[in-house]
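Chains, contacts and geometry: an overview
Residues per chain, in single letters:
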Amino acid sequence: MTRKKYKQAKPLLFDRLFPPRTMMVGGHTVQKPRSRAWLISIVLLIVVAASVMITEFDIGILIKRGHQLWVILAKIFNPKWEYFSKVVNPLLDTIKMSVMGSVIGSLLALPFSIIASANIVKNGILVAIMRVLLNIVRTLPTLVIASISALMFGLGTFAGTVAISIFTFGIVSKMMYESIETVDMGAFEAMEALGSTKFRAFWSAVFPQILPTYLSHCLYSFEINIRAASILGYVGAGGLGILINDRVGFRDYEGLGMVLLTLFVVVLIIDNTSQYLRRKLS
Amino acid sequence: MQTTLNPIEAMYDNRPRRWWIYTLIVLLLTIVLGWSSTAIEFKGIASKGAEVAYGIVYGIFHPDTNLLWTLSPDGVPYLLLQTVGIAVLGTLIGGLLAVPFSFLAAENVVPKWLAFIVRAFTLLIRTIPSLVWALVWIRVTGPGPFCGVVTQSICSIGMISKMYINAIEDLDTKILESLDAAGCNTFQKIRYGILPQLYANFISTIIYRFDINIKDATTLGIVGAGGIGAALIQCINSRRWSMVGAFLFGLIILMLIIDFFSTRVRKRLARG
Amino acid sequence: MIEFIRTGKTYPNGVRGLDDVNLKIDQGEFVAIIGLSGAGKSTLIRTINRMIDVTDGQVIVDGVDVMTLRGKSLRRFRRRIGMVFQSFNLVTRSTVIKNVLTSMVPDMNFFAALFGIFTKKQELSALSALDKVGILDKAYTRCDQLSGGQQQRVALARTLNQNPTIILADEPVAALDPVTANQVMNDFKRINQEMNISILINIHHVDLALEFADRIIGIRDGHIVYDGPVKQVTEQVLDSIYSGAPIPKVTDSVVEDESKTTKPMNASATKEVLP
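Residues numbered from 1 in each chain as written. Chains lettered and ligands numbered in written order. Predicted model: local features only at pLDDT ≥ 70, side-chain atom pairs only at ≥ 80, totals over all residues.

Section: the overall build of chain A
The number of helices and strands found in chain A is 11 helices and two strands. In terms of C-alpha radius of gyration, chain A reaches 26 Å, well past the compact-globule figure of 19 Å for 282 residues. Oriented by its inertia axes, the alpha-carbon framework of chain A measures out at about 85 × 65 × 35 Å. Expressed as a percentage of the 282 residues in chain A, the buried residues total 41%. When contacts within chain A are restricted to residue pairs at least 6 apart in sequence, those whose partners lie at least 24 apart make up 69%. (Helix = DSSP H or I, 4+ residues; strand = E, 2+ residues; numbered from the N terminus. Rg over C-alpha atoms; globule rule 2.2 N^0.38 Å. Buried ≥ 20, exposed ≤ 12 C-beta atoms within 10 Å, placed from the backbone. Contact = placed C-beta atoms within 7 Å.)

Quick word on the confidence of the model for chain A
Residues and elements named next belong to chain A. Looking at chain A as a whole, the pLDDT averages 83, with 95% of positions reaching at least 70. Mean pLDDT across the elements of chain A ranges from a minimum in helix 1 (residues 13–17), with 71, to a maximum in helix 8 (residues 186–193), with 90. Counting interchain partners and residues more than four positions distant, the pLDDT-below-50 stretch residues 1–8 has two contacts. (pLDDT = per-residue confidence, 0-100.)

Some thoughts on the domain arrangement of chain B
Where the parts come together, the accessible area they lose is often given as the size of the interface. For chain B, the assigned domains are domain 1 (7–39) and domain 2 (50–271). Summarising the inter-unit geometry, the C-alpha centres of domain 1 of chain B and domain 2 of chain B are found 43 Å apart. (Domains from an automatic or database assignment.)

A short note on the nonpolar core
Within the largest apolar cluster, 201 residues are counted, with the highest numbers of intra-cluster contacts made by Ala163(A), Ala134(B), Phe247(B), Ile33(C) and Leu130(C). Setting aside anything within four residues of it in sequence, one finds Ile33(C) in contact with Lys41(C), Leu44(C), Ile45(C), Leu200(C), Ile201(C), Asn202(C), Ile203(C), Ile217(C) and Ile219(C). (Core = buried A, V, L, I, M, F, W, Y, C linked by C-beta atoms within 7 Å.)

Digging into the interface of chain C and chain A
The interface is formed by 24 residues belonging to chain C together with 18 residues belonging to chain A. Top element by residues in the side of chain C that touches chain A is helix 2 (residues 71–79) of chain C. It accounts for four residues. Among the residues forming the side of chain C that touches chain A, the class breakdown is 10 nonpolar, eight polar and six charged. (Nonpolar A, V, L, I, M, F, W, Y, C, P; charged D, E, K, R; others polar.)

Comments concerning the environment of Leu260(A)
Position of Leu260(A) among the secondary structure elements: in helix 11 (residues 253–281). On the basis of neighbour count, Leu260(A) is assigned to the buried category, with 24 C-beta atoms found within 10 Å. Taking the C-alpha atoms as reference points, Leu260(A) and Ile104(A), separated by 156 residues in sequence, lie 27 Å from one another. With sequence-adjacent residues up to four places away left out, Leu260(A) is seen in contact with Ile76(A), Ile128(B) and Val132(B).

Description of the environment of Val52(A)
When you line up the elements, Val52(A) lands in helix 2 (residues 37–54). Given 16 C-beta atoms within 10 Å, Val52(A) falls into the partly exposed group.

What about the confidence of the model for chain B?
For chain B, mean pLDDT is 82; residues scoring 70 or higher make up 95% of the total. Across the predicted assembly, pTM comes out at 0.77 and ipTM at 0.78.

Things to note about the packing of helix 10 (residues 186–221) of chain B against helix 12 (residues 241–271) of chain B
Residues and elements named next belong to chain B. Running from N to C, helix 10 and helix 12 point in directions that differ by 170°, and their axes come no closer than 9 Å. In terms of orientation, helix 10 lies roughly antiparallel with respect to helix 12. Contacts between helix 10 and helix 12 pair Ala 200, Ile 203, Ser 204, Ile 207, Tyr 208, Phe 210, Asp 211, Ile 214 and Thr 218 from the former with Leu 251, Met 255, Ile 258, Asp 259, Ser 262, Val 265, Arg 266, Leu 269 and Ala 270 from the latter. (Axes fitted to C-alpha atoms, helices over the stretch in contact; angles between N-to-C directions. Parallel < 35°, antiparallel > 145°, perpendicular 65-115°, else oblique.)

Overview of the sheet that holds strand 2 (residues 16–25) of chain C
Residues and elements named next belong to chain C. As summarised here, the arrangement of the four strands in space is 2-1-4-5, forming an open sheet in which the pairing is antiparallel. Only two strands of the sheet have a single partner each, and these edge strands are strand 2 and strand 5 (64–65). As judged from the six bridges shared by strand 1 (residues 2–10) and strand 2, these two strands associate in the antiparallel manner. Residue Lys 9 lies in a different strand from strand 2, and its bridge partner there is Leu 18. (Pairing = 2+ DSSP bridges.)

Thoughts on unusual backbone geometry
Unusually for a residue other than glycine, Arg251(A) sits at a positive phi of about 55°. Looking at the element boundaries, Arg251(A) is found in the loop between helix 10 (240–249) and helix 11. Of note in the backbone geometry, Arg6(C) takes a positive phi value of approximately 45° without being a glycine. Residue placement: Arg6(C) occurs in strand 1. By the C-beta count within 10 Å, which is 12 here, Arg6(C) ends up exposed.

Some remarks on the pairing of strand 4 (residues 56–61) of chain C
Residue and element names in this part refer to chain C. Pairing geometry for strand 1 and strand 4, over five bridges, is antiparallel. Across the sheet, the residue bridging to Gly 8 is Asp 56, located in strand 4. Taken together, the two bridges between strand 4 and strand 5 define a ladder with antiparallel strand orientation. Within strand 5, the position partnered with Val 61 by the bridge is Val 64.

Some details on the sheet that holds strand 6 (residues 81–84) of chain C
Residue and element names in this part refer to chain C. Spatially, 6-7-8-3-9-10 is the arrangement adopted by the six strands of the open sheet, whose pairing is mixed. Strand pairing shows two members of the sheet lacking a second neighbour, strand 6 and strand 10 (223–229), which therefore form its edges. Strand-to-strand, the axes of this sheet are offset by a mean angle of 15°, without reference to chain direction. Bridge count for strand 7 (residues 166–170) against strand 8 (residues 198–202) is five bridges, and the pairing is parallel. Across the sheet, residue Ala 169 finds its bridge partner in strand 8, namely Ile 201. Packed onto the sheet, helix 7 (residues 178–195) meets strand 3 (30–35), strand 7 and strand 8 and runs at close to 155° relative to strand 8.

Next comes the structure, spelled out in structure tokens:
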């Protein structure tokens, strides 16, 4: 019987700098790796200290002016009901932007995520480049994209929709290529064996496997997008954000409260519906 | 005429007809999409729009190198570090504060009614966009990075406690039985039975949230809560493209680095 | 008719998967290919429909040299050859009939294939393929609700729906329990006799091979060490194929699906003892 050779785990940098202690226990040699806890604690301490300094951390202010918070919060939780009529339209705008943005972003994400999947596209360089590009798109904060869009396309919901599409594109494509790589390629192989082109084999054999995951990711991004869309108005990209900017400017916290309340209700409904649908998909 | 259909034809005739469900769904989607597309009034790319696009591309490839390499508080490195600092503290404080919240909201720890109230409370915190929180907190702390820290702490509590709660509810309590049998007191049971199960999950959550907070800290800067966001937006609005390019460049590099490390650490945590 | 003329396959890492293979298989034969894991059984079968390219010699199927085909001609060639896999390779979330219908996809126009719109004639043909393997009643159930044996029959029906002249089977019963394995082998036998389709089966379990096939081909280290009728297979023959290792039977535990690992085993691996 041949003996199995167990591959030694590659030594980590830490273990090379601080070699493990060798101990003799009952006649056998045991290698105990040195504890990392102390290194991590020191690093953490330094990082926290640096952060405290650079952010001008000042608990004093909180103590002194903390009561202000309650004043404001009290007003927010006392919403101005008459204000609702002014909230409706921007609210609908926000929802429309989210829907369109999510749909466009998700549709665009699919072909790109396929190119970024190592099991479908065999060209390693192409996959790597695509992934870097997708990562870069993901790193841009939505508000930054929104303000640039607002400059390019003028104020209003169009800019917001563009921003949301780009944002959705970023997160859905990453989730998708991670899912595509876990797909069972067996049926794909079978289709190629019976004379199908790669594209049709993908469509008939791989796509049905990822479709539920794809829809689930789209719904999830829609949940996130409602929240994101609500603040885009702050930079002029339409929706509730304009109202928020507005009310805060006038110190009208009761009005703000109304806006937030409607947002809360809508988010609640959408979240629950989305989670229900996502559970049915899996 | 056949009095008995052959079994194949019989099977075909009895096939489930699902096409009307699909048509319904397609119809529904078309209506929703049609309604939503009214939000897209393409006023045409504003005449300056193409300028803007060009300016940004130009800016990214010709970043203002003075800004990139300076150590002054207006420069890219300082602002990036400030942004990181805001995210670090915001995540850590939020993560710590979230612990008691999530235990109080876990149905296997406290009675259902209490859990429900606490959860509703965290849901409230989560729904108020961080931008709004920042605007509120500015009245308390004044503008600046500290406002960002406080805002992020509160907002992080929202998402982190949601994930903590999941971890807590998945706890395997059988280990408590064996610790009990070995004669441990409550503190020891928590320390050796519960904490090891939660530890890896908590850390992973915190790192995940840190990732998100870096982006968020940039956004908060726009309302004056410190970090690179404020400078970025100002330059965008005043069309100083090279400066915009510098900031974007630094921001993208920062995020790629952090993304890279956080994914690696989280993978190692998951695999152990 | 399938002909191998001095066929050889060298993998990129230098390993010789097949060496100087010379075979002639007539239409309608039921051939079982046996040998140790990594001996070259999978390689041999996959050269026929060019899932694997040969590096030396020729493989000629019905008068066509396989290596001259490319693109469209290769796809059309594959239409006439059916393949059955060890892990069934079905789209498990789809219904049985949808899986059988995928065999018609290469012949359909773009939009019909895109939206999965099949004509009544296509559906009836798929249903009769299911009937031939005796699983008609499950036509509209999802594949993941079926047992292993039933799934393999669906895979077989999918192949039959192509109206192939040759069926290649790569360890089709390795993942099935002995009773079901017997049923599926019976199906193969019936198809071979009723429809005169050539059947080449890679099989791990020698007792099944001897029971159902007409002709046995034994491979060892990429060479053909035996090629002849079942009746002439003796203990000595089996020894030369298995190099003294214990001869696998259908009652052994389930065998791992080797086609899922793309690395070819090197020659020394054949000295290993089978589980």
